[in-house]
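Chain residues, written in single-letter form:
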Amino acid sequence: MFIINCPFCGERDQSEFSAGGEAHIVRPKQPTELSDDEWADFLFMRKNIKGIQFERWNHAHGCRKWFNVIRDTSNDKIHAVYKMGEKPPSI
Amino acid sequence: MSENFRSIETKFLDKTNRISFKYNGKKYYGYKGDTLASALLSNGVHLIGRSFKYHRPRGIMTCGSEEPNAIVQIGGNGSFTEPNVRATEQEIYEGLEASSQNCWPSVEFDIGGINNLISPVIPAGFYYKTFMWPKKLWYSLYEPAIRLSAGLGKSPTQPDPELYDHNHLHCDVLIVGGGISGIIAASISADNGNNTVLIDDKNSLGGSTIYQNDENFKINDEISSTWLDKKIKELKKKQNLTIKHRTSVAAFHGYNYLLARESLADHKSLDERLNKLRQRLWKIRAKKVILATGAIERPLIFNNNDRPGVMLANSVKKYIDFFGVKCGNKNIIFTNNDSAYETAISLNKKGIEVVVIDIRKNSSSTLVQTTKDAGIKIYWNHAIVNTSGYRRIKSIQIMEMSEDGTNVVGKKTSLLCDSLSISGGWTPMVHLFTQSGGKLKFRDADQVFLPNTVISDQISIGSCNGDFELDDVIKNTISECKNFLSASVIDYDLLKVSCPKQKESKNIWLLPNNKPLGKTKPFLDFQNDSTAKDIKLAMREGFKSIEHVKRYTTTGMGTDQGKLANMHALGIISETAGVKMGSLGTTTFRPPYTPLTFGTIVGRNVGTFFDITRKTPMHDWHKDHKAQFENVGQWKRAWYYPKDGENMYQAVQRESKAARESAGILDASTLGKIDIKGTDASEFLNRVYTNAWSKLGISKCRYGLMLNEDGMVYDDGVTTRLGENHYLMTTTTGGAANVLSKLEDYLQTEWPELDVWLTSVTDHFATASICGPNSKNILKKLFPNLDFNDENFPHMSFKNAEMDGINCRIMRISFTGEHSYEINIESKYGKSLWEKCMDAGKEFNITPYGTETMHLLRAEKGFIIVGQDTDGTMTPIDLQMDWIVSKKKYDFIGKRSLYRSDTMREDRKQLVGLLTDNPKEILEEGAQIVKNEKKQPIEMLGHVTSSYFSPNLNKSIALAVVKNGKKLKGQKLLVPMKDKTINVTVSDFIFFDSKNERLNA
Ligand SMILES: [Zn+2]
């Protein structure tokens, strides 16, 4: 079980958080302009990387804030956390 | 029965505390501190059970958690009974009752033993190959028969009466294992100011060194056990150190999160245990972890190596040196390394006859010299080729080994014995290390897997790190700990250690024999009865991966998880396949390290503490009025209110009629409520609901449908505009938390520019919903100053009001199709609001109704329930709710998905009504709907989602989702049931008052 450093609350147990999948998938501003394939790409396609992955987490049983996490999925090491809207730090 | 085999004095047992216990109904004696195994051995009992497949007699083999054979049932027949307990770990207590569990009808006479005689026809995969076909016989014949004769113990038939607890523990340094390396590490850690916890699974510290009385093993000129004993006494006085005995680490997860089971009462009599904690599960977060989990001795794999009396050499040493119990009078030791000579010397010192068989050609260590000096006969370069003795080993046959060790040559020699101690070297216990994500490396010299790379802040020390000799253990433990803990205070810098052993062993995974493999029984996994032959057969049949071989042969799949067998299985695979063992990898080590009881896992979360129960403020009233409750998520909701012996059907029919004929009242407090504020609140609702919100007037209500981004219906509810920038959203009871979290997600991540604030207020308000033709009259009595004129307070509008000076919010909204009001009040006034409603409604026969009637009434109106009539594959178009999907809005969550080729298909499953041809016939919810029963395979068109007998229509009605349903209106379909087929006609799904006249009646 991880320890996640919530950017608003500090280090907490993983059980306080919920995972929200891959990060930096921006909802298209003009969905109606997209083809079925392009929309499906946004809707369904995820990278599911073995290694360094950018993902969203929510401090569900805490401050309820969403933020981003850089995690190595092969060993669960968390390299960085950063707030929504911020540029990912270089690791 | 006397203890013929306890001839030696020992300081580790309390000889003044004699304890009686029962084993298989017979009374025996032992001492406080004895394990069940040591106590039985002291009484000369070796035979414990029958093996799983061949029902061969098996005896105690080890002295620890790796025990494959001595698995017993503890605690008689009562609720205290527990199967699969290792006799080598269970401490005896006064009145303990234990029994063999793998020996129906009895351990002495065994019907399953017939398997042993026909064993040539029970090869690997036998159960798979034979009993899986014909399949129908599996449940009726094979499985019960196998279970009866294999006997995996019996589970208690009553709830566990004992108490369990969970606790959290945080520390700087956690040390797992209280042997000599763990003790040195704990001492260094504590001395350097770390908050330290030392965990050990035995009842006293010291590992195997604490009973090492041999002059050959010295630390600073003291016998190693004497030195260690002093260190333990010092350790107990240290600050910053907690020692936990009888505590076994079950799991080591990432980020140094460990689970450990502390056994508090398993060694106590049932009287002493009453109302006390039995076990506690520690949830540990350690900044640093030091694993000192030790090593397990390997058996040797030779023909008939499984007879009672065959034991691991170091276990025999522990029984004699620690428990004062001799495992036999005529001992033979069979080894491939020096460590078994420690056992030989110990036995010899106590005057017990001993002979050594060594597969090596020689060894020149001091230890071997001491053995020779004691006059112990050593057969070098010999291997055991057979053993005899049914219930106890009687003799062995040995032969000389060929030059290259692959064969045996010359004449057989027979030797008599009643105890055979075997040693095949050591296997480091890397289970916890690999559970934590650590990767192993292979050391060719002695064929061991060792800790290599780690992810979390941890080290492994001592024999679990591959240091098997005292000098290496001490030297490396000190330097590793110094480094790892950046320690400056070290007491141990100048330790002088003497170790008289030679480190070379000769590793042969499967010993040679004069007979072909098919004619011998070299057991590998004693608990699951798999032999070297099974492994080879599996490989011949094409299994290559260790994980597959394991499952096919069941090697390593018993309650001991193959602690003894796995390495040999790997070794034989590697030898047979000609692959380097290091490149084969190991099977996955999964938690728990030793079995945990369910009680420990659930702790206090049983019965009413299993889950949170949410009750509305009116709950007690419902209870007082005999309501039956149903669980909706964590909520207890009033289901129906039976009167005068009514059953559910009768109660619901009465409630439903009353609600439409005069007045009904429902506790709607559980509906999710989200308070929405901010200058962009209207825009926000525009984006999350399918319909338009900008033009909703203040004090007006609107029904909204929420989709997922994939276009499927997610939730619904009525939202009220309380002010210019203030809304109150309601959600389904079950969906409240998810909706809030979804809305927060969009606000924080996609639309952070919106000025919107969400607050969950579900628990803040109690809601009474009053419906029916007399609802307005009741409301007028409750709020005499409020204008209930339909023009001033129309359907789908809202007013603030006061009841006895308490603010209320009244929404005129309806889920039943009746003229209806919802009164919201601060939760603490909920019950008195309800009582006032009942008082005011008395003259109108106001009838409380529960969720079942609510469901019936809304089904008459064709209102959907998200989650019952929808299942995550229904779009609003499928639900024939096109009217609520805005065509004008540029975007809302899920809009684009409604235009995907699949969601636009016309033959999707769609919501329809169903009427049974016989109006008295009620369909079953979930029943399948078909068109043609004759044509196979029968095409399934859909299923019934809601079904009731409508008292207001006096006929059966149902909602269903049916493929291409919109176009099937008026058509006949079939609902096949177990004993009949029901004829139905597809209909409109609004059955009652389709013009909505009653809303304003
Ligand atoms: Zn937080």
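The rules behind each value
- In every chain, residue numbers begin from 1 and rise along the written sequence.
- Here chains are named by letter from A upward and ligands by number from 1 upward, in the order in which they appear as written.
- Owing to the predicted nature of the model, reporting of local features is limited to residues with pLDDT of at least 70; listing and counting of side-chain atom pairs is limited to 80 or more, with chain, interface and lining totals taken over all residues.
- Only hydrogens and water are set aside; all other atoms, that is, all heavy atoms of the structure, feed into the side-chain values.
- For helices the rule is a DSSP run of H or I covering at least 4 residues; for strands it is a run of E covering at least 2, with both sets numbered from the N terminus onward.
- We call a residue buried when its accessible area falls under 20% of the maximum for its residue type, exposed when it is over 50%, and partly exposed in between, using a 1.4 Å probe and counting protein chains only.
- It only takes one pair of heavy atoms within 4.5 Å for two residues to be counted as in contact.
- Only the protein chains shown count as cover for residues, and the accessible areas themselves come from Shrake-Rupley with a 1.4 Å probe.
- In short, buried area is how much 1.4 Å probe accessible area vanishes from two parts on joining, totalled over both.
- Any Lys or Arg side-chain nitrogen located within 4 Å of an Asp or Glu carboxyl oxygen qualifies as a salt bridge.
- As used in this structure description, the phrase polar contact means that two N or O atoms lie within 3.5 Å; if the pair is within protein, one of them must be able to donate a hydrogen and the other to accept it, and residues adjacent in sequence are counted only when both atoms belong to side chains.
- Note that Gly is not counted as nonpolar here; it falls among the polar residues with everything else outside the nonpolar set of Ala, Val, Leu, Ile, Met, Phe, Trp, Tyr, Cys and Pro and the charged set of Asp, Glu, Lys and Arg.
- As a rule, N, O and S atoms within 2.8 Å of a metal are its donors, except that Na, K and Ca use 3.2 Å; water is not among the atoms, so sites may look incomplete.
- In predicted models, pLDDT denotes the confidence assigned by the predictor to each residue on a 0 to 100 scale.
- For our purposes a nonpolar core is just a set of buried Ala, Val, Leu, Ile, Met, Phe, Trp, Tyr and Cys residues, chained together by side-chain atoms within 4.5 Å.
- Aromatic rings from Phe, Tyr and Trp, with only the six-membered ring used for Trp, were paired whenever their centres fell within 6.5 Å, and each pair was classed as stacked if the ring planes differed by under 30 degrees, edge-to-face if by over 60, and tilted otherwise.
- Think of it as a cone above the ring: NZ of Lys or CZ of Arg counts as a charge over the ring if it is within 6 Å of the ring centre and within 35 degrees of the ring normal.
- Domains are outlined according to an automatic or database domain assignment.
- Axes here refer to lines fitted to C-alpha atoms; in helices the fit is confined to the stretch in contact. Angles between the N-to-C directions go from 0 to 180 degrees.
- Here a crossing is taken to be left-handed if its near helix is turned anticlockwise relative to the far helix by less than a right angle, and right-handed if that turn runs clockwise.
- In this analysis, strands are considered paired if DSSP registers two or more bridges between them.
- Throughout this description, any angle smaller than 35 degrees is read as roughly parallel, any larger than 145 degrees as roughly antiparallel, any in the 65 to 115 degree range as roughly perpendicular, and the remainder as oblique.

Trainee: Would you take a moment to explain the overall build of chain A for this structure?
Mentor: On a plain count of helices and strands, chain A comes out with one helix and six strands. In sequence order, chain A lays out its α and β elements as β-β-β-α-β-β-β. A principal-axis box enclosing the C-alpha atoms of chain A has dimensions of 40 × 30 × 25 Å. Each of the 91 residues in chain A was classed as buried or not, and the buried ones make up 34%.

Trainee: Can you walk me through the overall build of chain B in this structure?
Mentor: Secondary structure assignment for chain B yields 24 helices and 50 strands. Across the 1001 residues in chain B, those meeting the buried criterion constitute 60%. Across chain B, contacts joining residues at least 24 apart in sequence account for 67% of those joining residues at least 6 apart. In the form shown here, chain B has an accessible surface area of approximately 41,100 Å², with 51% of it arising from carbon and sulfur atoms.

Trainee: What is the right way to read the interface of chain B and chain A from this model?
Mentor: Often, the extent of an interface is quoted as the loss of accessible area upon association of its parts. Tallying the contact residues gives 28 residues for chain B and 28 residues for chain A. In this assembly, chain B packs against chain A so that about 2,400 Å² is buried in total across both faces, 48% of it on carbon and sulfur atoms. Among the residues chain B hides against chain A, the three largest losses belong to Tyr255, Tyr890 and Arg896 of chain B. Together they make up 30% of the total. Taken together, the links from chain B to chain A amount to six salt bridges. In this structure, Arg896 of chain B and Asp36 of chain A form a salt bridge, with 2.8 Å as the shortest nitrogen-oxygen distance. Applying the counting rule to chain B against chain A returns 20 residue pairs in polar contact (both at pLDDT 80 or more). At eight residues, helix α21 (residues 736–750) of chain B tops the list of elements feeding residues into the side of chain B that touches chain A. Tallied by class, the residues present in the side of chain B that touches chain A amount to 11 nonpolar, eight polar and nine charged.

Trainee: Just to check I follow, could you spell out the coordination of the zinc ion for this structure?
Mentor: Each donor-metal-donor angle would ideally measure 109.5 degrees in four-coordinate tetrahedral geometry, or 90 or 180 degrees in six-coordinate octahedral geometry. All names here are of chain A. Note on the zinc ion: its protein donors are Cys6 (SG), Cys9 (SG), His59 (ND1) and Cys63 (SG). The metal-donor distances range over 2.0 to 2.3 Å. Positions of the donor residues of the zinc ion along the chain correspond to the pattern C-x2-C-x49-H-x3-C. Taking the relative accessible area as the measure of exposure, Cys9 reaches 29% and is therefore partly exposed.

Trainee: Please explain the confidence of the model for chain B as it appears in this structure.
Mentor: Interpretation of the predicted coordinates at a detailed level should be avoided for regions scoring low in pLDDT. Taken over all residues, the pLDDT of chain B has a mean of 92, while the share at 70 or more is 94%. This prediction of the complex comes with two scores: 0.89 for pTM and 0.97 for ipTM.

Trainee: What is the right way to look at the nonpolar core in this model?
Mentor: The tendency in soluble globular proteins is for nonpolar side chains to be buried side by side. All names here are of chain B. Membership of the largest hydrophobic core comes to 84 residues, with the highest contact counts inside it found for Leu36, Ile290 and Tyr319. The leading source of residues in this core is helix α5 (residues 180–191), at seven residues. Ignoring anything within four residues of it in the chain, the contact list for Tyr319 reads Ala37, Ser38, Leu41, Ile60, Thr62, Cys63, Thr88, Met311, Gly324, Val325 and Cys327.

Trainee: Would you mind showing me how to read the packing of aromatic side chains here?
Mentor: Given two aromatic rings, one states the distance between the centres and the angle between the planes to describe the pair. Residue and element names in this part refer to chain B. A full pass over the atoms with the stated rule returns 25 aromatic pairs over all chains. Between Tyr341 and Trp380, the aromatic rings sit 6.3 Å apart at their centres with planes inclined by 25°, giving stacked as the arrangement. Remark: Trp380 occurs in strand β20 (residues 377–380) and Tyr341 occurs in helix α9 (residues 340–349); sequence separation between them is 39 residues. Judged on exposure class, the residue Tyr341 and its partner Trp380 are both buried. Members of the aromatic cluster, each reached through a chain of ring pairs, are Phe12, Tyr211, Tyr319, Phe322 and Phe323. Here the basic side chain of Arg18 rests over the ring of Tyr29, its NZ or CZ set 4.2 Å away from the ring centre. Looking at Arg58, its charged tip hangs above the ring of Phe523, at a distance of 4.7 Å from the centre.

Trainee: How should I be thinking about the environment of Thr559 of chain B in this particular structure?
Mentor: Residue and element names in this part refer to chain B. Along the chain, Thr559 turns up in the loop between α14 (546–553) and α15 (566–577). Residues Thr559 and Phe334, spaced 225 residues apart in sequence, show a C-alpha to C-alpha distance of 27 Å. Ignoring anything within four residues of it in the chain, the contact list for Thr559 reads Ile71, Asn84, Gln527 and Pro595.

Trainee: Sorry, what's going on with the domain arrangement of chain B here?
Mentor: Per the domain assignment, the segments making up chain B are domain 1 (163–295 + 428–498) and domain 2 (906–1000). Centre-to-centre separation of domain 1 of chain B and domain 2 of chain B, based on C-alpha positions: 67 Å.

Trainee: Explanation requested: the packing of helix α22 (residues 775–782) of chain B against helix α23 (residues 830–841) of chain B in the structure shown.
Mentor: Two packed helices can be described by the angle between their axes and the distance between those axes. Residues and elements named next belong to chain B. Where α22 meets α23, the closest approach of the two axes is 9 Å, and the angle between their N-to-C directions is 115°. Along this stretch, α22 crosses α23, giving a crossing that reads as right-handed. Where α22 abuts α23, its residues Ile778, Lys781 and Leu782 lie against Lys836, Cys837, Asp839, Ala840 and Gly841. Per-class residue counts for the contact of α22 with α23 are four nonpolar, one polar and three charged.

Trainee: Whenever I open this one, the sheet that holds strand β1 (residues 14–23) of chain B confuses me. Can you help?
Mentor: Strand-to-strand pairing in sheets goes through backbone hydrogen bonds, with the strands running parallel or antiparallel. Residue and element names in this part refer to chain B. Read from one edge to the other, the open sheet built from five strands follows the order β2-β1-β7-β5-β6, with strand pairing classed as mixed. Of all the strands in the sheet, the pair left with one neighbour each is β2 (26–32) and β6 (82–86). Pairwise comparison of adjacent strand axes, ignoring direction, gives a mean angle of 40° for this sheet. Both strand β5 (residues 71–74) and β6 contribute to a ladder of three bridges, which runs antiparallel. The residue bridging Ile71 from the neighbouring strand is Arg86, located in β6.

Trainee: I'm lost on the pairing of strand β45 (residues 909–916) of chain B in this one. Help?
Mentor: Within a regular strand, side chains alternate between the sheet's two faces. All names here are of chain B. Across the eight residues of β45, six count as buried, placing the element largely inside the fold. Two strands pair when backbone bridges link them, and β45 and strand β48 (residues 955–963) are joined in this way by six bridges, in the antiparallel orientation. In the strand pairing of β48, Val912 is matched with Ala960. Looking at chain direction, β45 and strand β50 (residues 981–987) are connected through four bridges and run antiparallel. Looking across to β50, one finds that Leu915 is bridged to Thr985.

Trainee: Just to check I follow, could you spell out the pattern of salt bridges for this structure?
Mentor: Where side chains of opposite charge bring their charged atoms close, a pairing between them can arise. Residue and element names in this part refer to chain B. For the structure shown, the criterion picks out 66 salt bridges over all chains. Across the salt bridge formed by Glu91 and Arg246, the nearest N and O atoms sit 2.6 Å from each other. Taken as a pair, Glu91 in the loop between β6 and β7 (97–100) and Arg246 in the loop between β12 (241–244) and β13 (247–253) lie far apart in primary sequence, 155 residues in all. By relative accessible area, Glu91 is classed as buried at 12%. The residue Asp358 makes a salt bridge to Arg360 at a minimum N-O spacing of 2.9 Å. Relative accessible area serves as the criterion here: at 4%, Arg360 is assigned to the buried category.

Trainee: Looking at this structure, I do not really get unusual backbone geometry. What am I missing?
Mentor: Residue and element names in this part refer to chain B. Cis rather than trans, the peptide bond between Pro591 and Pro592 has omega equal to 0°. Within the fold, Pro592 resides in the loop between α16 (581–584) and α17 (598–602). Pro937 follows Gln936 through a cis peptide bond whose omega is -5°. Position of Pro937 relative to the elements: it lies in the loop between β46 (928–930) and β47 (940–950). Phi at Asn24 takes a positive value of approximately 50°, unusual for a residue other than glycine. Mapping Asn24 onto the fold places it in the loop between β1 and β2. One non-glycine residue, Asp221, lies in the positive phi region at around 65°. Locating Asp221 in the fold gives a position in the loop between β10 (218–219) and β11 (222–223).

Trainee: Help me understand the side chain of Gln748 of chain B, please; the structure alone is not making it clear to me.
Mentor: Mapped onto the secondary structure, Gln748 of chain B falls in helix α21. Classification of Gln748 of chain B as buried rests on a relative accessible area of 14%. Engagement of the side chain of Gln748 of chain B in a polar contact is seen with the backbone nitrogen of Trp66 of chain A, the distance being 2.5 Å. In this structure, Gln748 of chain B is in contact with Arg64, Lys65, Trp66 and Met84 of chain A, ignoring residues within four places of it in sequence.

Trainee: Sorry, what's going on with helix α13 (residues 532–540) of chain B here?
Mentor: Residues and elements named next belong to chain B. Along α13, the positions that sit buried rather than exposed are Ala532, Asp534, Ile535, Leu537, Ala538 and Met539. Contacts made by the buried residues of α13 are with β30 (523–525), β31 (530–531), α14 and α15. Following α13 by one or two positions, Gly542 adopts a phi angle in the positive range, close to 105°.

Trainee: Help me understand the packing of α13 of chain B against α15 of chain B, please; the structure alone is not making it clear to me.
Mentor: Residue and element names in this part refer to chain B. The N-to-C vectors of α13 and α15 enclose an angle of 45°; their axes lie 10 Å apart at closest approach. As judged from the angle between their axes, α13 and α15 are oblique. Of the two possible hands of crossing, α13 and α15 adopt the one that is right-handed. For the pair α13 and α15, contact is made by Ala532, Ile535, Lys536 and Met539 and by Ala569, Ile572, Ile573, Thr576 and Ala577, respectively. For the contact of α13 with α15, the residue count by class is seven nonpolar, one polar and one charged.

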